[in-house]
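# Observations on chain architecture
What follows is each chain in one-letter form.
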Amino acid sequence: MYPTSRPRRLRTTAAMRRLVAETTVGPHQLVLPVFVKQGVAEPVPIPSMPGVVQHTRDSLRKAAAEAVAVGLGGIMLFGVPATRDATGSGGIDPDGVLNTAVRDVRAEVGDDIVIMADTCLDEFTDHGHCGLLDAAGRVDNDATLAVYAQMALAQVQAGAHLVGLSGMMDGQVGVVRAALDAAGHHDAGILAYSAKYASVWYGPFRDAVESQLRGDRLTYQQDPANAREALREAALDLAEGADIVMVKPAMSYLDVLHAVAGISDVPVAAYQVSGEYAMVEAAVARGWLDRRRTVLETLTSIRRAGADLVLTYWAMQAAGWMR
Ligand code: PBG
C-alpha cells in the first residue's frame, strides 16, 4: 500500500519549492524604522537594540541613501529631541528634530523611497504620553487631535509622503485627513496604526527614544486580550480615509493581522517591533538562533498572515539576503 497523495513531491528540489512558494518577501515590501537624535556628533548605539543607532543628521542622510540603494520600500523616521515639554511642541516646530530630519531625507532621496514620519507626541512630551494631559492627568483625546493635525501638516510640509498616526486617539485619521486636505495636500497619505496594542514588546523602543513615560498606555492602546476591537479600529480608520492600515506588534498578533487583512480594501502593514528584534538578536548573540534564517522566516510568516508591507529593523540586512 503506497500513499497516492504525496505532498512531498512538491518539496523535492529547491527549484520545485521555489515554483510553488505562495509567499515571497522582497526589499520593496520592507520599511526601515530609523531614529535621529538632536544635537549629537556621532551615532549613538542603542544597547537593547544591538546594531541599531540613534542617527546624527548626517548619518541619517547616509542611511536613507543606503535604503534606496538596496531597494527598500520605505523609511520611517522617529525623532529624539534634546528637550521636551508638556504639549510636545517640538513635534510641530518646523525646526524640531523630526521635521528637520524629514527635510534632510527628502532632500537626499527625493521620491526614490517612501518617506514616513511618526505622528505621535510621546517622543516630544515631558510626561511621555502620546497626547496632551487634562487637569486630572488623563490623556485628553480631543485636545490631542488638534495637535496631531498641526504635527502631520508640519511633517508633510517638510516632505513626508506618509504620516504614521501611531497615537491611538479616536478620530485621528479623520482630523488629520481634513487638515491635510484643507492645506491642499491631497496626495500626502496616512499610514494608520489601526490596531496598536499596549505591548511589552515596545520596551527597547522606549530606550531608543529615551521615553519619559512612567505608567502605561492602557487607556488608549488596545488590550492584548482583544481581537474584535482591532476590526472596529481598522473599520473606523478606513472610513476616515486611511491609505494603509497597520497592526502592531507583528509576531504575537498574526491572528489580528490576518483578520484585518480580511476586511481591508487598502494595503495592510505590520510592524515587527523593537522587542521582537531584541529577542531574536539576544538569541543570535548566544548562538542559539541563526540570524538570517530566523529573520527571513519571521518576515515570511508576517507576509503569509496578510501583511503587504513590513516595518522591520532588519530591513537592510534582509534586503541584502534577498539579492
Ligand atoms: C509611538 C510609538 C511606539 C512605537 C512606535 N511608535 C512606542 C509606544 O507606543 O510606546 C514602538 C515601536 C517599537 O517598539 O519598535 N510613537
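Quick notes on the rules
Residues numbered from 1 in each chain as written. Predicted model: local features only at pLDDT ≥ 70, side-chain atom pairs only at ≥ 80, totals over all residues. Heavy atoms only, no water. Axes fitted to C-alpha atoms, helices over the stretch in contact; angles between N-to-C directions. Helix = DSSP H or I, 4+ residues; strand = E, 2+ residues; numbered from the N terminus. Parallel < 35°, antiparallel > 145°, perpendicular 65-115°, else oblique. Contact = heavy atoms within 4.5 Å. Buried < 20%, exposed > 50% of the residue type's maximum accessible area, 1.4 Å probe, protein only. Pairing = 2+ DSSP bridges. Polar contact = N/O pair within 3.5 Å; in protein donor to acceptor, adjacent residues only side chain to side chain. Near = heavy atom within 4 Å. Areas by Shrake-Rupley, 256 points an atom, 1.4 Å probe, with all protein chains shown as cover. Nonpolar A, V, L, I, M, F, W, Y, C, P; charged D, E, K, R; others polar. Expected span 1.5 Å × (residues − 1).

Attention shifts here to the packing of helix α8 (residues 254-263) against helix α10 (residues 291-305). Across the interface, α8 lies against α10 with an axial gap of 8 Å and an inter-helix angle of 40 degrees. Overall, the two elements α8 and α10 adopt an arrangement that is oblique. Every residue of α10 that contacts α8 at L254, L257 and H258 is listed here: S301, I302 and A305.

In this structure, P249 follows K248 across a cis peptide bond, with omega equal to -10 degrees. Positionally, P249 belongs in the loop between β8 (244-248) and α8. Although it is not a glycine, M168 adopts a positive phi angle of roughly 60 degrees. Within the secondary structure layout, M168 lies in the loop between β6 (162-165) and α5 (172-182). Phi at E210 takes a positive value of approximately 55 degrees, unusual for a residue other than glycine. Residue classification places E210 among the partly exposed residues on the basis of a relative accessible area of 27%.

Of all eight residues in strand β1 (residues 30-37), seven are buried, a share of seventy percent or more. Taken together, the two bridges between β1 and strand β10 (residues 309-312) define a ladder with parallel strand orientation. Among the inter-strand pairings, V31 is bridged to a residue of β10, identified as L311. One ladder, built from seven bridges, connects β1 with strand β4 (residues 74-80); its direction is parallel. Each residue of the ladder has a partner; that of V31, found in β4, is G74. Relative to strand β3 (residues 53-55), β1 runs parallel, the two being bridged by two bridges. Residue pairing across strands places F35 opposite Q54, the latter belonging to β3.

This next bit is on the side chain of T294. On the secondary structure map, T294 appears in helix α10. Reaching out from T294, the side chain makes a polar contact with the backbone oxygen of D290 at a distance of 2.6 Å. Each residue touching T294, except ones within four places of it in the same chain, is listed here: V280 and L289.

Our focus in this paragraph is the site of the ligand. Taken together, the neighbourhood of the ligand is formed by 18 residues, with D122, R206, K248, S274 and Y313 sitting nearest. Here an oxygen atom of the ligand sits 2.8 Å away from a polar atom, N or O, in the side chain of K196. One of the side-chain N or O atoms of Y313 is found 2.6 Å from an oxygen atom in the ligand. In isolation the ligand has 410 Å² of accessible area, and contact with the protein removes 100% of it. Each residue belonging to the shell around the ligand can be placed in one class, and the counts come to eight nonpolar, three polar and seven charged.

Considering the arrangement of structural elements, one finds H55 in strand β3. Among the residues examined, H55 registers a relative accessible area of 13% and is labelled buried. Sequence separation of H55 and V209 is 154 residues, and the distance between their C-alpha atoms is 11 Å. Here H55 is in contact with V34, F35, V36, K37, V40, L60 and A63, once residues within four sequence places are set aside.

This part is about helix α9 (residues 274-285). Across its 12 residues, α9 extends 16 Å between first and last C-alpha, which sits within 8% of the 16 Å expected from 1.5 Å per residue. Counting buried positions over the 12 residues of α9 gives nine, a clear majority of the element. Looking at α9, one finds that the buried residues are S274, G275, E276, Y277, A278, V280, E281, A283 and V284. Of the surrounding elements, those touching the buried residues of α9 are α6 (203-208), β9 (268-272) and α10. In the stretch just after α9, G287 is the one whose phi turns positive, near 80 degrees.

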